[in-house]
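Here's the letter readout for the chains.
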Amino acid sequence: MNISKKVVTCRLCGSENLVTILDLGAQPPANSLRKTLDQRIESYPLMICRCSDCTTVQLTETVSPEVMFRDYFWVTGTSDTAVAYAEQFYENIVGRCSSRSLSVVEIASNDGTFLRQFKQKGHRIIGIDPAKNLAETAEKTGVPTISDFFGLQLAKSIRMGHGEADVVIARNVIPHVPNPNDVVAGISHLLSEEGIGAIEFHWVAKILRELHYDSIYHEHYFYHSLRSIISLLSRNGLNIFDVTESPISGGSLVAYFSRTLRQPTVALTEKLALEEREGLFALETWQEFAKSSLEHRIKLKEIITNEIANGKKIIGYGASARSSTLLNFCGIGSNDLVCIADQNPLKHGHFTPGTDILITSPEVAFSHRPDTVLLLAWNFKDEILDRLASIGFHGNVILPLPKMPILIKS
Ligand SMILES: [Zn+2]
């Protein structure tokens, strides 16, 4: 099997005019956690480029999704913020639908946290997720889940078996598939005439403004603007009509669309104008982003080195995929961090890919009596700072992002 392949043409428009923007070095896939350090782990180039024709920013390398998604460690339900958001998301969808009884399909439904909201209110649901372990977890809690990769072919078989869908949800998945045209064609095939779809994606405006280079990892092929999402949808007969901001993932948008044309909302018109104003499509904006990312690395490493020189014991908090990029790019390893605390029990006892730091429960991590916490899951900052206060941690906190890193002294 060909595991990794360099792209020579833009994945969206086929152009050969790709310009490299930022090289984050060879890194292992961000979710390839290991139980023992002698397990072999492969690294692949982690680099983004920009298409000079359609302006879409994307990875230069395609690592086979089969290598990355079959056993997935990110469980939606482990974050309190995500569960609260699932309720709000439900309201956002239902408020835009005319029918009272809906048939809902979610692509990349993870552990079923979002679909459960619909089920509780009596709607019919189907989840789809390629990660077998998550599909099993979802099934156990009453969320019927197909363990497969979604595309036009699967959409056809779902429509034959269950009929059209009134709602199709794809949260944080479109940027994670090497061929999004096939996924969107599937959505278009499945969606009823009056139905609505919702795509949630990490918005490049936030990535650029707040320097989210940690959101670059092998599973994340695309860095989308609203404009690039619109062009992807319209190629497949779908029309965007509204947009809302998502409170999680440190800056995502939810785009709402339908097969029939609907009047665009003011929110949508304003966001599109803002993308233009901020220069999201300019090469210079991305070159500036690359320069700042390199400066960021030096600064963060300096803060950590100084803390250690001052006799501080440091732990990390949050072993997310994003943290893997940050740790590898900045060269922060087990010599710098004693361990990383994470609330997801599936990760405990594993080592971070490439940086070999042990992941433990927060209880075990704080039993080391750390002086400083590196807040790797900085996008859940408020939730984690509350938690640190509630367990009586009063030491220093390093906030790596957004923008330049800062040391919050106790
Ligand atoms: Zn292109």
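The notes below deal with the structure included here. Given the structure is predicted, the values throughout are model-derived calculations rather than measurements. Residue numbers restart at each chain and count upward from 1, following the sequence in its written direction. Two thresholds apply to this predicted model, a pLDDT of at least 70 for residue-level local features and 80 or more for giving and counting side-chain atom pairs, whereas whole-chain, interface and lining totals are computed over all residues. With hydrogens and water stripped out, all remaining heavy atoms of the structure feed into the side-chain values.

### Let's talk about unusual backbone geometry
Glycine aside, negative phi is the norm for most residues, and most peptide bonds take the trans geometry. Cis geometry marks the peptide bond from Leu401 to Pro402; its omega dihedral reads 0 degrees. Under the DSSP-based scheme used, a helix requires at least four consecutive residues in state H or I and a strand at least two consecutive residues in state E, with every element numbered from the N terminus. On the secondary structure map, Pro402 appears in the loop between β18 (396-399) and β19 (406-408). In this model, Asn172 sits at a positive phi of 50 degrees, which is unusual for a non-glycine residue. By the element assignment, Asn172 lies in the loop between β9 (165-171) and α6 (180-190). A positive phi angle is found at Asp356, which is not glycine, with a value near 55 degrees. Position of Asp356 among the secondary structure elements: in the loop between β15 (340-341) and β16 (359-360). Here's how the labels work: a residue is buried when its accessible area is under 20% of the maximum for its type, exposed when over 50%, partly exposed in between, all with a 1.4 Å probe on protein chains only. Asp356 gets classed as partly exposed once you look at its relative accessible area, which sits at 29%.

### Points about helix α3 (residues 113-120)
At 3.6 residues per turn, the α-helix brings residues three or four places apart onto the same side. Buried residues of α3: Thr113, Phe114, Leu115, Gln117 and Phe118, and no others. Contact between two residues is taken to exist if any of their heavy atoms lie within 4.5 Å; hydrogens are not considered. For α3, the elements touching its buried residues are α2 (80-94), β6 (103-107), β7 (124-128) and β9. Trailing α3 by a residue or two, Gly122 shows a phi angle of about 90 degrees, which is positive.

### What about the coordination of the zinc ion?
In ideal tetrahedral geometry, four donors around a metal make angles of 109.5 degrees, whereas ideal octahedral geometry with six donors gives angles of 90 or 180 degrees. A donor here means any N, O or S atom no more than 2.8 Å from the metal (3.2 Å for Na, K and Ca); water is not included, so a site may seem to lack partners. Every protein donor of the zinc ion is listed here as Cys10 (SG), Cys13 (SG), Cys51 (SG) and Cys54 (SG), and their distances to the metal cover 2.3 to 2.4 Å. Tetrahedral means four donors with every angle between 85 and 135 degrees, whereas square planar (four donors) and octahedral (six donors) require angles over 155 degrees between opposite donors and between 65 and 115 for all others; sites fitting neither are termed irregular. Its 4 donor atoms give the zinc ion angles of 106 to 114 degrees at the centre, a pattern that matches the tetrahedral case. Mapping the donors of the zinc ion onto the primary sequence gives the spacing C-x2-C-x37-C-x2-C. Here Cys10 is found in the loop between β1 (4-6) and β2 (18-27), whereas its partner Cys51 is found in strand β3 (residues 44-51), with 41 residues between them in sequence. Like Cys10, the residue Cys51 is buried in the burial classification.

### Comments concerning the environment of Cys49
By secondary structure assignment, the location of Cys49 is in strand β3. Look at Cys49 and you get buried, because its relative accessible area is 3%. Along the sequence, Cys49 and Asp38 sit 11 residues apart, while their C-alpha atoms lie 33 Å from each other. If we ignore the near neighbours within four places in the chain, the residues touching Cys49 are Leu18, Val19, Thr20, Ile21, Thr56, Val57, Gln58, Leu59 and Thr60.

### Examining the sheet that holds strand β10 (residues 191-202)
Read from one edge to the other, the open sheet built from 7 strands follows the order β8-β7-β6-β9-β10-β13-β12, with strand pairing classed as mixed. Here the strands that pair on one side only, and so sit at the sheet edges, are β8 (145-146) and β12 (239-246). For helices, the fitted axis covers only the stretch in contact; all axes are lines through C-alpha atoms, and the angles between them, taken along N-to-C directions, range from 0 to 180 degrees. Running over the sheet, helix α5 (residues 152-162) touches β7 and β8 and is turned about 155 degrees from β7. In the packing of helix α9 (residues 266-277) onto the sheet, the strands contacted are β12 and β13 (252-258), and the crossing angle to β12 comes to about 80 degrees. Strands were regarded as paired on the criterion that DSSP finds at least two bridges between them.

### What about the nonpolar core?
What we call a nonpolar core is a set of buried Ala, Val, Leu, Ile, Met, Phe, Trp, Tyr and Cys residues that are connected through their side-chain atoms within 4.5 Å. Core analysis: the biggest nonpolar cluster contains 117 residues, and Ile48, Phe150, Tyr213, Ile216 and Phe289 have the highest contact counts within it. Discounting chain neighbours no more than four positions away, the residues touching Ile48 are Val19, Thr20, Ile21, Leu22, Val57, Gln58, Leu59, Thr60, Ile216, Tyr223, Trp286 and Phe289.

### Let's talk about α9
The terminal C-alpha atoms of α9, which comprises 12 residues, lie 16 Å apart, in line with the 16 Å expected from a rise of 1.5 Å per residue. Listed as buried for α9 are Leu268, Lys271, Leu274 and Glu275. The arc that holds the buried residues of α9, viewed along the axis, is 125 degrees, so those residues lie on one side. Exposed positions of α9 whose direction lies more than 90 degrees from the buried face are Val266, Glu270, Glu276 and Arg277. Residues of α9 that are buried make contact with α7 (204-210), α8 (226-234), β12 and β13. Gly279, located one to two residues past α9, shows a positive phi value of around 70 degrees. Expected span of a helix: the number of residues minus one, times 1.5 Å. Directions are taken from the helix axis to each C-beta atom, and the arc is the one they span.

### Remarks on the side chain of Thr60
When you line up the elements, Thr60 lands in the loop between β4 (57-59) and β5 (61-63). Its relative accessible area of 3% is what places Thr60 among the buried residues. Setting aside residues no more than four positions away along its own chain, Thr60 makes contact with Lys5, Lys6, Val7, Arg11, Met47, Ile48 and Cys49.

### Concerning the sheet that holds β3
As summarised here, the arrangement of the 4 strands in space is β2-β3-β4-β11, forming an open sheet in which the pairing is antiparallel. Each of the sheet's edge strands pairs with one partner strand only, and the pair in question is β2 and β11 (222-223). Bridge count for β2 against β3 is 7 bridges, and the pairing is antiparallel. Bridge pairing links Ala26 to Pro45 in β3. In the packing of helix α10 (residues 283-309) onto the sheet, the strands contacted are β2, β3, β4 and β11, and the crossing angle to β2 comes to about 20 degrees.

### Let's talk about the environment of Ser15
For Ser15, the position within the fold is in the loop between β1 and β2. When its relative accessible area of 9% is taken as the criterion, Ser15 is described as buried. Sequence separation between Ser15 and Gly122 is 107 residues; the distance between their C-alpha atoms is 46 Å. Beyond its immediate chain neighbours, meaning those up to four positions away, Ser15 contacts Val8, Thr9, Cys10, Cys51 and Asp53. Definition of a polar contact: a pair of N or O atoms within 3.5 Å, with one able to donate and the other able to accept a hydrogen when the atoms are protein atoms, and with sequence-neighbouring residues admitted only if both atoms are side-chain atoms. Within polar-contact distance, the side chain of Ser15 engages the backbone nitrogen of Asn17 at 3.0 Å.

### So, the pairing of β10
With 10 of 12 residues buried, β10 is to be regarded as a mostly interior element. With 6 bridges connecting them, β9 and β10 associate as parallel partners. In the sheet register, Arg171 faces β10, and the bridge partner there is Glu200. Convention used here: a crossover is right-handed provided that the path from the first strand, over the helix, to the second strand proceeds clockwise when the strands point away from the viewer. Chirality of the crossover, the property in question, places the unit of β9, α6 and β10 among those that are right-handed. Across 7 bridges, β10 lies against β13 in antiparallel orientation. When the bridges of β13 are listed, Ile196 appears paired with Ser258.

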